[in-house]
Amino acid sequence: MNQNKSCDPCVNDMLVQAKQNHIETAWDRYEQQLPQCGFGQLGVCCRVCWKGPCRVNPLGNGPQRGICGADAHTIVARNLIRGIASGTAAHSDHGRHMAKTLLEMSEGEAPDYAVKDQKKLADIAAKLNITAEGKELKELLREIALTTLADFSRQDESIPCTWLEKTIPESRLKKLIQLGIAPHNIDAAVADIMARTHVGTDADPVNLLLSGLRSSLADYTGMALATELSDALFGTPEPVVTAANLGVLKEECINIAVGGHNPLLSEFICDMALELHDEAVQAGAAGGINVVGVCCTGNEVLMRRGIPLATNYLSQELPILTGALDAMVVDVQCIMPSLGKLTECFHTRLITTMNNCKIPGATHVEFHTQTAKESSREIVRLAIEAYKCRNQDKVNIPQQSSTVIGGFSAEAVVAALSTLDAADPLKPLLDHIVNGNIQGVALFAGCNTPKVMQDHAYLTIAKELAQKNVLLLATGCGAGAFAKAGFMTMEATDKFAGDSLKAVLRAIGESAGLNGPLPLVLHMGSCVDNTRAVSLAVALANKIGVDIDQLPVVASAPECMSEKAVAIGTWAVALGIPTHLGVIPQVMGSSAVVDVLTEKVKDLTGGYFMVETDPVQAAQKLYEAIQARRKLLGI
Ligand code: SF4
Ligand code: WCC
Ligand code: FE2
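In this text the structure is predicted, and so the values were computed from the model without any measurement.

Below, the discussion takes up the site of ligand 2. Neighbouring ligand 2 are the residues H261, C295, C296, Y313, C334, G446, C447, C477, C527, M561, S562 and K564. Residues belonging to the shell around ligand 2 are distributed by class as follows: eight nonpolar, three polar and one charged. The two domains that each donate at least three residues to the shell around ligand 2 are domain 2 (246-394) and domain 3 (402-633).

Here is the structure:
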């Protein structure tokens, strides 16, 4: 029963239980939506103005234009880039929040925050050409914040965003400038899309798609700065051992799940869980407070603090069904509105925290950086109160979880490599790529969708590529899939890696003091942290003097669904990376758009999209893309 819904046994167990108790989940609501609208799936439904909605008949035997005359190509391109704009806005809003926090710190207005990683701060300053020497911390924070915020406000279109310029190879930047797609201002890239897709404005699909590429690069910029500034504040991740899946919930503890994306809050929830330990024990929870993660806030605290991960996006409702979750604390993005109604059936308190993300049915405790500790204390106390209403007889926690070795920031990877060659840490990695022990690198990113069996394609593609000696990296809910399935362990390396990959991972792991190989899939963080993988690729490219589109590096988003994922996939292509999508993107109604995204864009950026719903075939195509790159490099 339910075997086709997920490859995660915990999920399948909980779904049986949900059915018995007449509790509805995302999988049920997906079924209620079937059959989904064919026009929407093809991207040919336009709701840009109120003369519509207009639909173009994809079979050619109905209307071929909307009322204003827009054809399928215009409509599909407009719909696609509006999604990219939303993804860009979401990621970069997260980045802006970080930069503004640095500015507040410099003005003494965010007293609870500190710089945990001084080295990272110094690296950031150097990257941005800011002199750190002789400066007071506050002054340095201020300069970094203002330089970063200038990427949201610059009006001179001839100057690209600093965080883009400083984090990609020179040759790539030149190419992007030539194509007119290097953003000068993140917010302007978003606004440009909203302006040009207004009724009666840009109708040229290629021109529309180019602005989509520009916005996706603004998305990259916002992500890069968000990740780097978070590292300075909360620490750059280092290898850490933890666990994943619903078994990480503990009956004897007050369980708090943190979900969403923003480490500005969740870091303090983790601190407060320790501080209020005695209050929890007094309330009857002998084990104190157990913080677990969901989705990307989960990835953030997993990477930096080894907080266990309860589950990834699609199964975010299920921790509540265990009856053991006392509070679900959420910030922004990828939080199902269903949680409001669902928590009404349980003792679990849903707590929203951000002004731009309120959910009916939740308790709202507004979080401000100025009073981070105070708000976090209030939130954790709400969890303690909720725990007092828990019915222990109804608690049913699936006893399954997998070990996870996470924390592989680019710095952590380089540090591990430096145990092999301290003077030139990238050399061993490069040598192994050149001699074929490592055939290439694949980055798994993106979400979950009920359109396919949850996590299945991630695991299948990874097994296929690992067997062929491809080094695997993962972020976001893809990382969640691997974490739950035990793919972030040494055992998985022994079981699934091809011989030469296994030998390399063992050599690095052992010399780095791990007493075994590196895990099969390296956890690089939340979805905003995809730029960690880019920074590693850029370091390799710079070292051998090539551009990213020459490296044997590919990306795969087997279950992409969010607009952020669309933006990420698009910047991967803009940076020159062959990028696989495992679900059919909502663009198939326009042959012109499909042709640009899968073929013509190759001539512009070197990257391209490939769509393949069969995971074995997808692995084959990704491997072929790697081989094509190797051939061109002559290796
Ligand atoms: Fe219809 Fe044109 Fe309005 Fe879109 S913009 S809804 S195609 S009239
Ligand atoms: Ni990023 Fe996708 Fe997860 Fe949300 S958290 S569901 S965008 S991968
Ligand atoms: Fe995410």
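Turning our eyes to something else, we now look at the coordination of the nickel atom of ligand 2. Only one protein atom coordinates the nickel atom of ligand 2: C527 (SG), located 2.4 Å from the metal. Around the nickel atom of ligand 2 sit four donor atoms; with metal-centred angles ranging over 96 to 137°, the donor geometry is irregular. With respect to the helices, strands and loops of the structure, C527 is situated in the loop between β13 (521-525) and α23 (530-544).

In the vicinity of ligand 1, the contacting residues are C46, V48, C49, K51, G52, C54, G66, I67, C68, R78 and V199. Considered class by class, the residues forming the shell around ligand 1 number seven nonpolar, two polar and two charged.

As assigned here, the protein comprises domain 1 (72-234), domain 2 (246-394) and domain 3 (402-633). Each of domain 1 and domain 2 has a C-alpha centre, and these two points are 30 Å apart. Counting residues at the interface gives 19 residues for domain 1 and 18 residues for domain 2. Regarding the contact of domain 1 and domain 2, the summed buried area is about 1,400 Å², with carbon and sulfur atoms giving 52% of it. It is D112, Y113 and F234 in domain 1 that bury the most area against domain 2; as a group they hold 41% of the surface buried on that side. Linking domain 1 with domain 2 are two salt bridges. With a shortest N-O distance of 2.8 Å, D231 and R304 are connected by a salt bridge. Put simply, the parts of the chain that give the side of domain 1 that touches domain 2 at least two residues each are α4 (72-106) and α10 (205-234). The greatest single-element share of the side of domain 1 that touches domain 2, amounting to eight residues, is contributed by α4. Tallied by class, residues from the side of domain 1 that touches domain 2 come to seven nonpolar, six polar and six charged.

Looking now at the pattern of salt bridges. According to the stated counting rule, one finds 42 salt bridges in the structure shown. Measuring nitrogen to oxygen at the nearest pair gives 2.8 Å for the salt bridge that ties D187 to R96. Highlighted residues: D187 in helix α9 (residues 186-196) and R96 in helix α4, separated in sequence by 91 residues. Taking the relative accessible area as the measure of exposure, D187 reaches 28% and is therefore partly exposed. Close ionic contact of R390 with D326 constitutes a salt bridge, the shortest N to O distance being 2.6 Å. Here R390, found in the loop between α16 (372-387) and β10 (402-406), pairs with D326, found in strand β7 (residues 325-330); they are 64 residues apart in sequence, far enough to count as distant. By relative accessible area, D326 is classed as buried at 0%. Connected through shared salt-bridge partners, K120, K127, E228, D231, E300, R304, E411, D529 and R532 make up one network.

Right, let's talk about the coordination of the iron ion (ligand 3) for a bit. For the iron ion (ligand 3), the protein coordination sphere consists of H261 (NE2), C296 (SG) and C527 (SG), at 2.0 to 2.3 Å. Coordination at the iron ion (ligand 3) is tetrahedral, judged from the four donor atoms that bind it and the angles of 93 to 122° they form at the metal. All donors of the iron ion (ligand 3) come from a single chain, and their spacing in sequence reads H-x34-C-x230-C.

Bringing the pairing of β7 into the picture now. When a strand is regular, its side chains alternate between the sheet's two faces. Counting buried residues in β7 gives six out of six residues, a clear majority hidden from the surface. In this sheet, β7 lies alongside strand β4 (residues 254-260) in parallel orientation, the contact comprising five bridges. What sits directly across from N255, in β7, is L325. Bridge analysis of β7 against strand β8 (residues 349-352) gives four bridges, and the strand direction is parallel. Pairing of A327 across the sheet is with R349, part of β8.

This paragraph deals with helix α11 (residues 263-275). With 13 residues, α11 extends 18 Å from end C-alpha to end C-alpha; this agrees with the ideal 18 Å at 1.5 Å per step. With ten of 13 residues buried, α11 is to be regarded as a mostly interior element. Listing the buried residues of α11 in full gives P263, L264, L265, S266, E267, F268, I269, C270, M272 and A273. The backbone nitrogen of L264 has a side-chain oxygen 2.8 Å away, supplied by the residue at the start of α11, namely N262.

For soluble globular proteins, nonpolar side chains are generally found buried alongside one another. Judged by nonpolar contacts, the single largest core of 217 residues is most densely connected at I144, I289, F444, L465, L472 and F482. Considering each element in turn, this core owes the most residues, 14 residues, to α10. If we ignore the near neighbours within four places in the chain, the residues touching L472 are A442, F444, A462, L465, A466, L520, V521 and L522.

Backbone torsion omega between L34 and P35 reads -5°, so that peptide bond is classified as cis. If you trace the backbone, P35 turns up in the loop between α2 (26-33) and α3 (38-42). Along the chain, G52 connects to P53 via a cis peptide bond; the corresponding omega equals 10°. Position of P53 among the secondary structure elements: in the loop between β1 (45-46) and β2 (54-55). Backbone geometry at Q333 places phi at a positive 75°, although glycine is not the residue there. Here Q333 is to be found in the loop between β7 and α15 (338-344). According to the relative accessible area criterion, Q333 is buried, its value standing at 19%. Despite not being glycine, N469 shows a phi value in the positive range, around 70°.

Rules of the game
- Residues numbered from 1 in each chain as written.
- Chains lettered and ligands numbered in written order.
- Predicted model: local features only at pLDDT ≥ 70, side-chain atom pairs only at ≥ 80, totals over all residues.
- Heavy atoms only, no water.
- Near = heavy atom within 4 Å.
- Nonpolar A, V, L, I, M, F, W, Y, C, P; charged D, E, K, R; others polar.
- Domains from an automatic or database assignment.
- Donors = N, O, S within 2.8 Å, 3.2 Å for Na, K, Ca; no water.
- Tetrahedral: all angles 85-135°; square planar, octahedral: opposite > 155°, others 65-115°.
- Helix = DSSP H or I, 4+ residues; strand = E, 2+ residues; numbered from the N terminus.
- Contact = heavy atoms within 4.5 Å.
- Buried area = accessible area lost by both parts, 1.4 Å probe.
- Salt bridge = Lys/Arg side-chain N within 4 Å of Asp/Glu carboxyl O.
- Buried < 20%, exposed > 50% of the residue type's maximum accessible area, 1.4 Å probe, protein only.
- Pairing = 2+ DSSP bridges.
- Expected span 1.5 Å × (residues − 1).
- Polar contact = N/O pair within 3.5 Å; in protein donor to acceptor, adjacent residues only side chain to side chain.
- Core = buried A, V, L, I, M, F, W, Y, C linked by side-chain atoms within 4.5 Å.

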